[in-house]
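# Residue-level structural notes
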Protein chains: 6
Amino acid sequence: MTGVDRIIENALFEDIHTGDITTLAVVPQSRQIHARLIAKEEMVLAGIEVAARVFAVLDPQTSFTPCFRDGDRVPCGGLLAEMAGDAALLLQGERVALNLLQRMCGVATLTARYVERVAGTRARIVDTRKTTPGLRVLEKYAVRVGGGINHRTGLYDGVLIKENHIAAAGGIAEAIRRARAYIPHTLKIEIETETIAQVEEALVAGAEIIMLDNMDVAAMRTAVELVGERALLEASGGVNLDTVRSIAETGVSIISVGALTHSARAMDISMLLEEY
Amino acid sequence: MTGVDRIIENALFEDIHTGDITTLAVVPQSRQIHARLIAKEEMVLAGIEVAARVFAVLDPQTSFTPCFRDGDRVPCGGLLAEMAGDAALLLQGERVALNLLQRMCGVATLTARYVERVAGTRARIVDTRKTTPGLRVLEKYAVRVGGGINHRTGLYDGVLIKENHIAAAGGIAEAIRRARAYIPHTLKIEIETETIAQVEEALVAGAEIIMLDNMDVAAMRTAVELVGERALLEASGGVNLDTVRSIAETGVSIISVGALTHSARAMDISMLLEEY
Amino acid sequence: MTGVDRIIENALFEDIHTGDITTLAVVPQSRQIHARLIAKEEMVLAGIEVAARVFAVLDPQTSFTPCFRDGDRVPCGGLLAEMAGDAALLLQGERVALNLLQRMCGVATLTARYVERVAGTRARIVDTRKTTPGLRVLEKYAVRVGGGINHRTGLYDGVLIKENHIAAAGGIAEAIRRARAYIPHTLKIEIETETIAQVEEALVAGAEIIMLDNMDVAAMRTAVELVGERALLEASGGVNLDTVRSIAETGVSIISVGALTHSARAMDISMLLEEY
Amino acid sequence: MTGVDRIIENALFEDIHTGDITTLAVVPQSRQIHARLIAKEEMVLAGIEVAARVFAVLDPQTSFTPCFRDGDRVPCGGLLAEMAGDAALLLQGERVALNLLQRMCGVATLTARYVERVAGTRARIVDTRKTTPGLRVLEKYAVRVGGGINHRTGLYDGVLIKENHIAAAGGIAEAIRRARAYIPHTLKIEIETETIAQVEEALVAGAEIIMLDNMDVAAMRTAVELVGERALLEASGGVNLDTVRSIAETGVSIISVGALTHSARAMDISMLLEEY
Amino acid sequence: MTGVDRIIENALFEDIHTGDITTLAVVPQSRQIHARLIAKEEMVLAGIEVAARVFAVLDPQTSFTPCFRDGDRVPCGGLLAEMAGDAALLLQGERVALNLLQRMCGVATLTARYVERVAGTRARIVDTRKTTPGLRVLEKYAVRVGGGINHRTGLYDGVLIKENHIAAAGGIAEAIRRARAYIPHTLKIEIETETIAQVEEALVAGAEIIMLDNMDVAAMRTAVELVGERALLEASGGVNLDTVRSIAETGVSIISVGALTHSARAMDISMLLEEY
Amino acid sequence: MTGVDRIIENALFEDIHTGDITTLAVVPQSRQIHARLIAKEEMVLAGIEVAARVFAVLDPQTSFTPCFRDGDRVPCGGLLAEMAGDAALLLQGERVALNLLQRMCGVATLTARYVERVAGTRARIVDTRKTTPGLRVLEKYAVRVGGGINHRTGLYDGVLIKENHIAAAGGIAEAIRRARAYIPHTLKIEIETETIAQVEEALVAGAEIIMLDNMDVAAMRTAVELVGERALLEASGGVNLDTVRSIAETGVSIISVGALTHSARAMDISMLLEEY
């Protein structure tokens, strides 16, 4: 019920549509075949159940045996899964399964690299809403698999008061007051700040998470000292694999990284088919 | 009717769902605002009408004035479009519009780099089915905007006989014969080959497009000489910005590049909102 | 994009389907008519824009002029809105518009009664997930209009650790630890307790909201004293219009009431049509 | 094919959406659990197969054993069904199953009360189109389970000529003539009347069902004598549990009651989960 | 809300899908053009508003001026409508508009021929459920335009007790009794008979419509005499343009004809496009 | 994933909608029954798996045993398939299964007649886009079963440059040049011609398929001589069972026939149900 089947069916329909004419023309019906998914580079696995589901949607009879689990670090050459089933259906599912799996492994692997960089600090790596339209649920899952945690899923399940909201409300305190009166009591209020003065204002107004937007490391350190445990501090902007460690060392709790989802490269994975 | 509105509505629903609670809580109704889309790096623009459509779907009253057209090369800092409309709706559409536009510009810009590399040769750059599930129609469009051409859209509108199809049919000649008997007369038959012997066999059997799969440059050159104008030759595998020129210089007609869509980096684009 | 149009289109299709045969048979095409929506009892108005939208979906030319706004207290006999448009389309939209509007006004009016009862205390009235399947977004909106606030929208945007979750995790502390490690940092953790000992355990474990499930008023008062400002206390179970005041006077912050949505009676509203 | 699965999937998606984060965080995978559905008050059961289907949609492996059948009168404390299955999935389906079941039992129980009140008369209790948008098929089913019969399902499968239709046609006779010429021969024509004079006019014009709209009991009795067996008489308006008996005793055949669906209170039903 | 737009959008998406590549490649954007719809044979027009809607869905700016109305008899060569609009969009809508319009005119024209044949008798021509899957609402509309009336729309809005139903119930009387107890009071009960004895049995049991299934003309005449005005008689089976008159002359009220929808030939209609 | 299930579900929902009230009222639950599909005239079978799928969608427990395979020529009286299953579900699926199967057999049978007529020539019979909206995938399949081949599926998977495209581009050569630059290299370019001069122009411009639109036989013969093997020639317009042989004897490769799908008569097939 989480929408994954809809993503898969949509992707299969996008690719197959009125029929895989090559296979219909060339491959005899009911031909059985073996297949293997192979990692062609080292990666953190994410999405193996999604790949399995692609083939199950096409044919519940397909056998799919994963050899690793999501979150496992797989070496180059690693056998990810073994399959057996109808040749035509394995050929039809191959590209969709790989397109989803390679992307999810890419996100998990990149997230894991960020998480490693901040090891030993209190900082946690979180994602953003800069995800692929239609695939957010899968990409946010892959971030968790890679060791990150999720920021809000969308505009509906978290409050993030940005510069324009503040301007529209007429100030930080008023914006927070309005949010408090409106939103579920189960949500924390987050607000974006660009200066230490704003951090202070947000703190006084009762913000529970304060985003430090594009601040330099010195300013972040000042904010950390100022705020202590009274709110969560989230660093945002200008975060990459080179800068993330020094940002983490400022003592912020949360570092959000758009690149986890908008710039992850697809991992190289192959599907080999073999006649019996 | 090409499905773009469905992609946009799906993406907006993914992000907004039951409501943008921050904006609902904080921003007064009917507040008018200006916004500008700015390129933060040099790029080939693709998808400006898609971005416009995001805001039109949210609110047909929004004014959206593009300053460049798809296919234009935009300098860093270039103003892509100006908007005016309801503040809440511009805030709600911002992320979806950027997520789509940044990705499409990324594909077009990368495609254009490949196209430039092969300038002066006969080779044309084409895409593959290694696209983002659900977004193929947009990514294939962006490839065209970048100067590439499209390979088949999916399994249904083109024939590509691969190794496993050949094995299932019992040989290249038989596979091509079956395809010819089955498929619309409007389609060319393409077949994958790995050796010069297979190229010859495919040619004799009447293949109209012969894919040279992971061949080295010397083998490709041999294939070009062998085949002449009797079939289109398509190079595939191991193509990157470093290798594409030498591949093109072998004389192949078509070079297919999975990276155009599976590894394009999102271009950096910002939306700035300003009070009147 | 919040799904309201889908609810309306679904409801209209449920009612009209292949056509309103009475109107098709009997009413001449293009006949213009006036109509008025009248409150037949005192109520808090909620959903007037939804009613307007029903007619707009059927015919964008329909004129719909609200005379009150959501949240207004309307006296018996009050004129809610005036309409003019095509007779056939007004007749077709009437029942769907009323079915939605009467239900939403019912929820808002009942919520307002609860809110009045706790006036002067710190307690806020919140809803639950005991909503009408398919209409949650409208019913939660009506709760806000009536002066309540919303609990989580669904299982996806809030954490509520119940008895069975605690048992599965092996204890309160472990359950909270697991939640903290998994969920977005933007969410507070709520846990259900049935005894003061559990309240204490939850507090130590870092729960940010503690539900007092079916506790008596004395126990709630003890919990309030124990917890102070260190967590939000939410009373749940056995809440009705007779008991809510004494519960509020214990000092809890939040009182959740399933009846707001599962037992609200439809308000009596009529649509009168008049020939010109 | 009757749309029930769509209602269930829609309701589950509304509640679970991107995932039940509490359960995902806290409950170990593949944990098996028992559950029981218990009636917390006396009721007429309706919808037990719908509840079963909710869990089957989430997981076809779930075992669900009903202990009563739809239409049975269940005592307070009665065990409605026993279940066993994956803990996470039972927890995820609980609220949706209860929201549907409690509502359907409410409608059936209220209907049964009306049916009892008119026992021994010829009158049959029927529903109206005042149903919950999106749930009409379930509510109309529950009315049948409670011993009522259904009026038309929507505007498309029955003719009900109301005051405004009559005005538009220029009179009762002309309205009925137009309907006769247009509608399937399989449908009876029903017309709304407010006076005995209109009843007579309708009868002469060939109406097969005559609705007595908001008439008092004396007028109804006059209508019954006037019409005899020449048409069905349907009483409508001002019907409640106090008035329904005296209306039935006038001799009308049909009494339509909006309250069956717009004012039925949810029955109190609990789901108890138990570790093995 | 009657599903016509869904049929049109589905048909357009079936034909255009990812784009009309010929037009995209060849036709300049924003080129304006004129077009005319011409009847290439005599016909009863049905569906002109559906054709208009096809172009409106593609582009609300298209001008579409019908020259005849549904139900008009159009001579060979008659100009059905004039259009003006964007060339690419007119080209894209042409085939879908014609496919729908030609079929609907075919049904209306064939229906009109049957209706003419029975002129002067009491018999009315009705359709069946032998319609094109997905297009029933349009084909039933075309039958009405051609002068026929509709039988039930589907299994849900009419009762037709067939041989197998009777066998399952254990006889005609019991089958009718069960139906009476279950179905809305707004529906007449129809039952299929094959002998005069069954007709009598049905009449006694209270059937309101009696289908004479594949009876010869003599038997039908006997049935008419037997039944008089006590029930509607519907002739079914073996009806064609040669036999329909003699069937009508037996005095039956209703003649149902599957051929109206399953064997109607598409009328010949052309769309001519002209440059300005 | 080819959309057939969607067609079936849509057709079932169209017919059954809120329930088959006759069967619900009359037929006991869980009654088992046998059924047979019988050809009432000679035909080429097409769609037997589609018919099977209708019953499988309603109830996976239904047994369905085909006695012939698609493409078989079945004599009048031939037993197409045997079924056993729940009586109510067989009754509910009957009409939809027949509506689809009769139509598909009609298309295949008519196609086979055309194919026989051209036996011994090189000409192949192909379909057009004049298909039933929503059923194209099934009708194009039936054409293949009948021995024909398919033209493009829609506007998206084939290029056909018509008169208006040529006019818009400013000539045949320019139109072909634009198409070549835009379309996938996997597609052949087809262009419509009306004179021998246009055929020559198209050939020079590199058209791979040349449609001879409404040419007489003499002109077609001239075109064949002129073109030889340099392009495929497709005859179109004025093709019927009387003319197709002489057209084929001109030596054209392809003859496209709209009548295959727009004028195929439904084959007569019955479903007989028998009690055990």
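In what follows, the structure referred to is the one given above.
The structure reproduced in this document is the subject of the present report.

What counts, and where the lines are drawn
- Residues numbered from 1 in each chain as written.
- Chains lettered and ligands numbered in written order.
- Predicted model: local features only at pLDDT ≥ 70, side-chain atom pairs only at ≥ 80, totals over all residues.
- Heavy atoms only, no water.
- Core = buried A, V, L, I, M, F, W, Y, C linked by side-chain atoms within 4.5 Å.
- Buried < 20%, exposed > 50% of the residue type's maximum accessible area, 1.4 Å probe, protein only.
- Contact = heavy atoms within 4.5 Å.
- Pairing = 2+ DSSP bridges.
- Helix = DSSP H or I, 4+ residues; strand = E, 2+ residues; numbered from the N terminus.
- Salt bridge = Lys/Arg side-chain N within 4 Å of Asp/Glu carboxyl O.
- Buried area = accessible area lost by both parts, 1.4 Å probe.
- Axes fitted to C-alpha atoms, helices over the stretch in contact; angles between N-to-C directions.
- Polar contact = N/O pair within 3.5 Å; in protein donor to acceptor, adjacent residues only side chain to side chain.
- Nonpolar A, V, L, I, M, F, W, Y, C, P; charged D, E, K, R; others polar.
- Least-squares fit on C-alpha atoms with pLDDT ≥ 70 in both.

## Quick look at the nonpolar core
Ranked by size, the top nonpolar core spans 198 residues in total, and within it Y114(A), I210(A), I255(A), Y114(C), I210(C) and I255(C) carry the most contacts. Residues in contact with I255(A), not counting those within four places in the same chain, are V118(A), A123(A), R124(A), I125(A), V126(A), A235(A), V239(A), V244(A), I247(A) and A248(A).

## Observations concerning the pairing of strand β1 (residues 32–39) of chain B
Here β1(B) pairs with strand β5 (residues 79–86) of chain B via 7 bridges, running antiparallel. The residue of β5(B) that forms the bridge with R36(B) is E82(B).

## Topic: the pattern of salt bridges
Once the charged atoms of two side chains with opposite charge are near each other, the side chains can pair. Scanning the entire structure with this criterion turns up 88 salt bridges over all chains. Several salt bridges converge on common partners, so that one network encompasses D15(A), R129(B) and R136(B).

## Let's talk about the interface of chain E and chain F
Interface size, as often reported, equals the accessible area lost upon joining of the parts. Of the residues lining the interface, 62 residues belong to chain E; the matching set on chain F comes to 61 residues. Counting the surface lost from both chain E and chain F, the interface buries some 5,000 Å², and carbon and sulfur atoms represent 58% of this. The three residues of chain E that bury the most area against chain F are E14(E), L155(E) and Y156(E), which together make up 14% of that side's buried surface. The interface formed by chain E and chain F holds 4 salt bridges in total. Salt-bridge contacts for R136(E) lead to D15(F); the nearest nitrogen and oxygen are separated by 2.6 Å.

## Regarding the sheet that holds strand β3 (residues 63–66) of chain C
All names here are of chain C. Within the open sheet, the 4 strands sit side by side as β3-β5-β1-β12. Their pairing is antiparallel. The outermost strands of the open sheet, each flanked by one partner alone, are β3 and β12 (269–274). The sheet shows a mean angle of 15° between the axes of neighbouring strands, taken without regard to direction. In this structure, β3 lies alongside strand β5 (residues 79–86), joined through 4 bridges in antiparallel fashion. Note on β5: the bridge partner recorded for F64 is M83. Along the sheet, helix α3 (residues 48–58) contacts β3, β5 and β12; its crossing angle with β3, the most-contacted strand, is approximately 175°. Running at roughly 165° to β12, helix α4 (residues 87–117) makes contact with β1 (32–39), β5 and β12 of the sheet.

## Thoughts on the interface of chain F and chain A
Each partner contributes residues to the interface: chain F has 7 residues there, and chain A has 9 residues. In this assembly, chain F packs against chain A so that about 630 Å² is buried in total across both faces, 71% of it on carbon and sulfur atoms. On inspection of chain F and its partner chain A, the count reaches 0 salt bridges. There are 0 residue pairs in polar contact (both at pLDDT 80 or more) connecting chain F and chain A. Split into classes, the residues belonging to the side of chain F that touches chain A amount to 3 nonpolar, 3 polar and 1 charged.

## What about the relation of the copies chain E and chain F?
For the pair chain E and chain F, the relating rotation is 180°, the translation along its axis is 0.0 Å, and the fit reaches an RMSD of 0.0 Å. Such a turn and shift between the copies fits a two-fold axis. Nearest to the rotation axis, the C-alpha of G134(E) is located 3.5 Å from it, this being the minimum over chain E. When the interface residues of chain E are mapped onto chain F, 98% of them again fall at the interface, so both copies present the same face.

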